[in-house]
Amino acid sequence: MEEMIFFDNAKENVTKFFAQEFENFPALLMSHFLNKFNDIMNYQEEGNVIKPKIIFTDNIEALIRSIPKSHSMTVFEDNEATMFNSRLKSLLAIAKNDWCIFIDIKENKISYGLVMSFTSIKDKNLLRTIEESNSLKDKASKFHCILARPLNFYSMMLHSISGNDLIVNFSLDKSKCNIFNTEIREFVDATFSKLRTTQRKLQDMKNMYLNIFSNVLSYVNGSICVIVDKDYKDNGLFEDGIWLKEPISFSKLFTQSKSYNEEKLQAYADLFMNMLNFDGITIIDNLGRIRAYNVFVEPNSKKVGYIVGGARKRAAFYILSTKKKDIVGVYFQSHEGEVFFQEIAKKMPRLKATKKNEEKESN
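Throughout what follows, the structure given in this document is the object of discussion. (Residues numbered from 1 in each chain as written. Predicted model: local features only at pLDDT ≥ 70, side-chain atom pairs only at ≥ 80, totals over all residues. Heavy atoms only, no water.)

## With respect to the packing of helix H2 (residues 27–41) against helix H4 (residues 84–92)
- The interhelical angle for the contact between H2 and H4, taken along N-to-C directions, is 40 degrees, at an axis separation of 10 Å. With respect to H4, the axis of H2 lies oblique. H2 and H4 meet at a crossing whose hand is right-handed. Taking contact as the criterion, the partners of Leu-29, His-32, Phe-33, Lys-36 and Ile-40 in H2 are, on H4, Phe-84, Asn-85 and Leu-88.
- Here the contact of H2 with H4 is composed, by residue class, of five nonpolar, two polar and one charged. (Axes fitted to C-alpha atoms, helices over the stretch in contact; angles between N-to-C directions. Helix = DSSP H or I, 4+ residues; strand = E, 2+ residues; numbered from the N terminus. Parallel < 35°, antiparallel > 145°, perpendicular 65-115°, else oblique. Left-handed = near helix turned anticlockwise from the far one by under 90°. Contact = heavy atoms within 4.5 Å. Nonpolar A, V, L, I, M, F, W, Y, C, P; charged D, E, K, R; others polar.)

## Some words on the environment of Ala-345
- Note on placement: Ala-345 falls in the loop between strand S15 (339–343) and helix H13 (355–362).
- Along the backbone, Ala-345 and Asp-326 are 19 residues apart, and their C-alpha atoms lie at a distance of 10.0 Å.

## Points about the pairing of strand S8 (residues 155–160)
- Of all six residues in S8, six are buried, a share of seventy percent or more.
- Burial along S8 is two-sided: the face carrying Ser-155, Met-157 and His-159 and the face carrying Met-156, Leu-158 and Ser-160 are both buried.
- Sheet analysis places strand S7 (residues 145–152) next to S8, joined by six bridges and oriented antiparallel. From the neighbouring strand, Ala-148 faces S8, where its bridge partner is Leu-158.
- In sequence, S7 turns back onto S8 through a hairpin of two residues.
- Across five bridges, S8 lies against strand S9 (residues 165–169) in antiparallel orientation. Bridge assignment links Ser-155 to a residue of S9, and that residue is Asn-169.
- Here S8 hands over to S9 after four residues, with Gly-163 in that stretch at a positive phi of 105 degrees. (Buried < 20%, exposed > 50% of the residue type's maximum accessible area, 1.4 Å probe, protein only. Pairing = 2+ DSSP bridges.)

## Re the packing of aromatic side chains
- Applying the stated rule across the entire model yields 24 aromatic pairs.
- The interplanar angle of 80 degrees and the centroid separation of 5.0 Å between the aromatic rings of Phe-22 and Phe-25 together place this pair among those described as edge-to-face.
- The class for Phe-22 is buried, based on a relative accessible area of 3%.
- By relative accessible area, which is 12% here, Phe-25 ends up buried.
- Their ring planes at 85 degrees and their centres at 5.8 Å tell us that Tyr-209 and Phe-250 sit as a pair that is edge-to-face. With Tyr-209 in helix H8 (residues 199–219) and Phe-250 in helix H9 (residues 250–253), the pair connects residues that are 41 residues apart, well separated along the chain. Across this residue pair, the class does not change: Tyr-209 and Phe-250 are buried.
- Connected via pairs of aromatic rings, a cluster forms that spans Phe-187, Phe-192, Tyr-209, Phe-213, Phe-250, Phe-272, Tyr-331 and Phe-341. (Phe/Tyr/Trp six-rings, centres within 6.5 Å; stacked < 30°, edge-to-face > 60°.)

Below, the structure written as structure tokens:
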């Protein structure tokens, strides 16, 4: 007997969320968005995975005025929603490097375009401003705005400026349901856990790391970043890699917060992203310094058991299994966008199953 299972519950809840957070949202536009839902989560351009951010609003002008240094560029204007798929496809290919797609819905006009906030890399980007701004939350009664952004190949987050969220997850594996915002904030806090500086400077550096890893999630096809203690000396575990003679210290780039060099800061941030996008592991310490990149380890399968996943995931679990006190934690991101951050001092994430157990379950 054949059985078919549909994700109607997700469709129903997405529709309900829009009805609650965006009064009079066009039914035809809703239908088009639901039909493209999976394509948006899995969008690729010339083999490169792109996780586009889409803003639905009925007052793009008010949104721009509410976000510092932001600017919008209208590309298409239509009288109805019939061209949604075509317009979206044209914009998906170029909505990169912190540009977000906006869809502005007026009574007799639908505008499509791009929007970006031209702030420093040490300030909140457009995405985080929309998700965290209290001033925008106060304006939720004056205009509507919903941000849709893929978290990985199987989940998408919907956020309204009133402060409500809905995460749609099509994975049947609960271990893949980690929330990026939570994981990355824990990672960033651990990265600067031993840095002593002013509160303002510390927040600037954390903002920069949050912006960098937001882009890593969108544009890097998998990565491992290991945090070690500031006094870490490698005893052979990470010897197969490129160690910098002088670590890159972001805190030194903030020596004088009023006269730092924005271009230099951006250049080093781009270099860090290139390292994270390169083969192997990138190593930083808990002063926020970049120590090494292109590092490889040889996982001991007897020690970590059988891991469902590729070489990158096996390496991440192997590093965690060493339980070395001078290793703080591991950030892992798969090609599909699965993300976790785990500190060594805390309980290790539960492994899938040992090979022995898997064989037992199959019998």
